[in-house]
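Chain residues, written in single-letter form:
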Amino acid sequence: MSNIQYRVALIVALTLASVWALWPRTVKERRRNPQTQAWEYVEVKRVPLKLGLDLEGGIHLALEVDESKGAVADKADALNRAETVVRNRIDQFGVAEPVVQRVGEDRLIVELPGIDDPERAEALVKTSAFLQFQIVDEANTLERALPRIDAALKARGVDLTSATPRTGGDTATPGGLADLLTPSTDTGTNVVQDTAVADTGLIAGGRGGAFSNLLQPGGMPGEYFVSFADTGTVRQYLEMPEVRALIPPGRVIRWGALDENARRSGFRPLYVLEARTIIRGDQHLKDARPSTDPIEGNLVLFELTNEGGRRFALETGKHIGDNLAIVLDDVVMGTPPVIQDVIRTRGQITMRGKPLQEAQDLALVLRAGSLPVPLKIVDVRTLSASLGDDAIAQGKRAGILGVTLVVLIMIVYYRFSGALAVGGLVLYVLITAAILAGFDAALTLPGIAGFVLSIGMAVDANFLIFERIREELVRGKTVRTAVNEGFDHAFSAIIDTHVTTALTALILYQVGTGAVRGFAVALLAGIAASLFSAVFVVRTMFLIWLNRRRGALTLSI
Amino acid sequence: MLRILHDTSIDFIRLWRWSTALIALLIIPGAILIAISGFRYSIEFTGGTLMQLEFRQAPAIADVRSTLSDAGVRDAEIQTFGSPNEFVVRAQDERDVAAQAMGAESVAQQIRRALTARFGADAYRVVRTEGVGPRVGGELRQRAVLALIVSFAATLVYLAWRFEWRFGLAAIVATIHDIIASLAFMKYMNLEISLFVVGAILTVIGYSLNDKVVVFDRVRENLKLHRKMSLYDLLNRSINETLPRTVMTGSTTLATLLALLIFGGEVIRPFAWVLTFGIIIGTFSSIYVAGPVLLWIERKWPRKAGEKGGVAHSQLEKPGEAKRRDREPVGSR
């Protein structure tokens, strides 16, 4: 009895875990607003099953370093730089869940779900990265222009009512402390200056305009924060000619990178910069390396050309105490550090207690802008979303028909026992889907095919068992013995069949790419689930039935 | 209870000549065709460009063809796909592929520019593009072949460990037969070899080996139960005993494949076809190929005295002798 109780408890627990894994949950998704065409963050409630590129539509790219115009010395570094650039640019696309992945030694895989215009994808690779140093607008000129921008928007019919007002107070400054930019002097006596900033939430009150309401002043002059939900609207406003005309002369507005800090805080920085470029990565920057100093902590050392050094010395001399923005492809990378002293050809950016990882990332950004990485596309696949929708509809229909046929065959042929097996099959489908969701595996078209196919194969274990039980019954054994022996004797064949299928699925996974991997993953998940549902669950159901009817002389099988 | 093929006692092994003839009839013409014209390989393997285009109004296919060849896309294959408005353009010519070494997107762009110049940008829509550089294609070919070999080796090792090498070898021979027959079938159907189809063939291998494992598992068990029975009768008996399961599993799997064939759509269809055929042939070979081959292997390399595992020397008699002595029909009790 207690044996059955344990079994039931395990089944119930696994079922609950599966249901929990598949329960619709709220996720933040970037979606295109159908009215404004802007990308926005929306909260949606959905089943956490990810769709593969072939079902959602999108672009898959494989990139390699192009060596046709001369060999690239450090390929690994070149690919690292390329990855930084590509990641940064993809961000501009506003893709929901982009994938940038290193494959093997020399390849970069990029997946952009929901985008099916290959021309745009090529922009990812065709232009080399453009890095520039610009001074953050210390005069805070935008602040004075804000009322006029609000008024211009109001004149255009955009009012407070259409824009969601932000309530200040809960806004922590992403990135926390500003980094320090100090010259590396021979004496090595760098002053570590605390640049902790006032809590931004306090300044937030007292504004009231369609545009200014969306901006939270940041920790330095010229820095603002925009909630993810509003980035689309702000972008839209900034593109309006009326608003553009009002941006202070000689200033440009640039977004901060959508990096870890931004994601964590839910706010994206927006910077007002002096339009003048003081250093161009491709002309003036020679190298940049991450380093760790016992006193300063993690830092990035960079080296400029002689000409770059002259220009930089001049500019940094004028701007001591101001912030320097490192801008890659028009996106401000990291928090602009404070200029501490005149810098010539050698400088260092102190990371102020941030992890080495961030120093490495920043050095990579600098190198990406100074050393161009020629990239080429070696594999491109695009699929329109409509094709994906068709595929989902087809998969659903095929799945429903397939399951119906299997259920019919089972119940017609095995009657009561067949119905038990169908019960096991329901659990099988549930567990397989839960495994896919749990491993965050994307559902692909071949995956659906593999899943449908595996339903036909999952009942194989039940056939082995039921046929065995029938044989034992024919030999004149009692129902209980026949059921027990049927399960026991069929088990070795079941294990062997599952292992051989698992072996092929594993190999398919190792060898396959994208879509075929989806098939292999679905197959593997199915094998694990089938072993549990067809053997353990169905046996438990038999045990319960046998206990209820202790004297049963016949079994409907 | 509803039973099919219950308590059968069909002498499957005796029919091996007929089955061999049937297999030869199926495979040999296909093998000749393959030798003459080879296979069609998908873009993934050869490199090249595939574009699926949806036109507002169906243009003349010749018009599309001449537009492309004028633009310098060589020997592009153009087919309608589903509806008359939809076309699939395949540029797999070696020179097209070579042009993609610099950038896999180049030919697709060439095609788009040409079509836009001829029909206008609004006249059509690109539904799907695949541009594969020559290196990627070559790599994929190697990996597909590697996958087949590794999966064979892995299952052989597993079967040798679970049973013993003679059983493993018989199962592998029967499975190789399934693959060759499936390839012949693909040639008859003019199906293209794609990664997806390779996946289908690997699945057929898994399924077919499953089937053999089930039969051999029963053989292993019967070897212990009936020490005096000849291997010939033992095999027949085991095949007969597992026949209901073989047929039932085959039917449910085919039922799901039928669903995929009907509703799965154009992309899934070749995959479903290969699997449908492969599963039929795999079931067939479990009965007609694996058994006779095992019998042949056991005769060719008989077990030495004291060697572990089932078949005793006395069990390896010629079928005729066994039959004369053991008149009891196989499988009955």
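Residues numbered from 1 in each chain as written. Chains lettered and ligands numbered in written order. Predicted model: local features only at pLDDT ≥ 70, side-chain atom pairs only at ≥ 80, totals over all residues. Heavy atoms only, no water.

### Looking at the interface of chain B and chain A
To keep things clear, this is the line we draw: Working rule for contacts: check all heavy atoms of both residues, and any pair within 4.5 Å makes them a contact. Summed over both partners, the accessible area lost on bringing two parts together, with a 1.4 Å probe, is the buried area. The salt bridge definition used is simple: a Lys or Arg side-chain nitrogen within 4 Å of an Asp or Glu carboxyl oxygen. Strands here are runs of E lasting at least two residues and helices are runs of H or I lasting at least four, both read from the DSSP assignment and numbered beginning at the N terminus. Residues are sorted three ways: Asp, Glu, Lys and Arg are charged, Ala, Val, Leu, Ile, Met, Phe, Trp, Tyr, Cys and Pro are nonpolar, and all the rest, Gly among them, are polar.
Facing 76 residues of chain B, the contacting portion of chain A comprises 69 residues. Overall, the association of chain B and chain A removes approximately 6,300 Å² of surface from exposure, summing both partners, and the carbon and sulfur fraction of that is 63%. In this assembly, chain B and chain A are joined by 9 salt bridges. For Arg 135 of chain B, the salt bridge goes to Glu 64 of chain A, with nearest N and O atoms at 3.1 Å. If one sorts the elements of the side of chain B that touches chain A by residue count, helix H9 (residues 231-263) of chain B sits on top with 16 residues. Here the residues of the side of chain B that touches chain A are counted per class, giving 38 nonpolar, 20 polar and 18 charged.

### A look at unusual backbone geometry
Excluding glycine, most residues fall at negative phi; most peptide bonds, likewise, are trans. One non-glycine residue, Asp 330 of chain A, adopts positive backbone phi at about 65°. As for its position among the elements, Asp 330 of chain A is in the loop between strand E15 (324-328) and strand E16 (331-332). Phi is positive for Asn 190 of chain B, close to 55°, though the residue is something other than glycine. You can see Asn 190 of chain B is positioned in the loop between helix H7 (165-189) and strand E6 (192-193).

### Regarding helix H5 (residues 106-119) of chain B
Which entries qualify depends on this criterion: Expected span of a helix: the number of residues minus one, times 1.5 Å.
Here H5 of chain B contains 14 residues, and its C-alpha end-to-end distance of 20 Å stays within 8% of the 20 Å for a straight helix at 1.5 Å per residue. In the stretch just after H5 of chain B, Gly 120 of chain B is the one whose phi turns positive, near 95°.

### A short note on the sheet that holds strand E11 (residues 267-274) of chain A
Residues and elements named next belong to chain A. Selection criterion: Note on pairing: DSSP must find at least two bridges between two strands before they are called paired. The axes are straight lines fitted to the C-alpha atoms, using for helices just the contacting stretch, and the angles between their N-to-C directions are given from 0 to 180°.
Ordered by their spatial adjacency, 8 strands build an open sheet running E8-E9-E11-E10-E16-E15-E6-E12, and the pairing between neighbours is mixed. The open sheet has two free edges, formed respectively by strand E8 (216-217) and strand E12 (279-280), since each of these has just one partner strand. As defined by bridge partners, E15 adjoins E16 across 2 bridges and the pair is classed as antiparallel. Paired with Val 327 across the bridge in E16 is Val 332. Running at roughly 60° to E15, helix H11 (residues 356-370) makes contact with strand E6 (131-135) and E15 of the sheet.

### Quick notes on the sheet that holds strand E5 (residues 124-132) of chain B
The pairing of strands in a sheet comes from backbone hydrogen bonds and takes either a parallel or an antiparallel form. Strand order in the open sheet formed by 8 strands is E4(A)-E5(A)-E3(A)-E19(A)-E5(B)-E2(B)-E4(B)-E3(B), with antiparallel pairing between adjacent strands. The two strands at the open ends of the sheet, each matched to only one other strand, are strand E4 (99-103) of chain A together with strand E3 (77-81) of chain B. Taking each pair of neighbouring strands and ignoring which way they run, the sheet shows an average axis angle of 20°. Of the strand pairs in this sheet, E3 of chain B and strand E4 (residues 83-91) of chain B are connected by 5 bridges, and their pairing is antiparallel. Directly across from Glu 77 of chain B, in E4 of chain B, lies its bridge partner Arg 90 of chain B. Each of strand E2 (48-55), E3 and E4 of chain B touches helix H3 (residues 61-70) of chain B; the most contacted strand, E3 of chain B, lies at about 145° to it.

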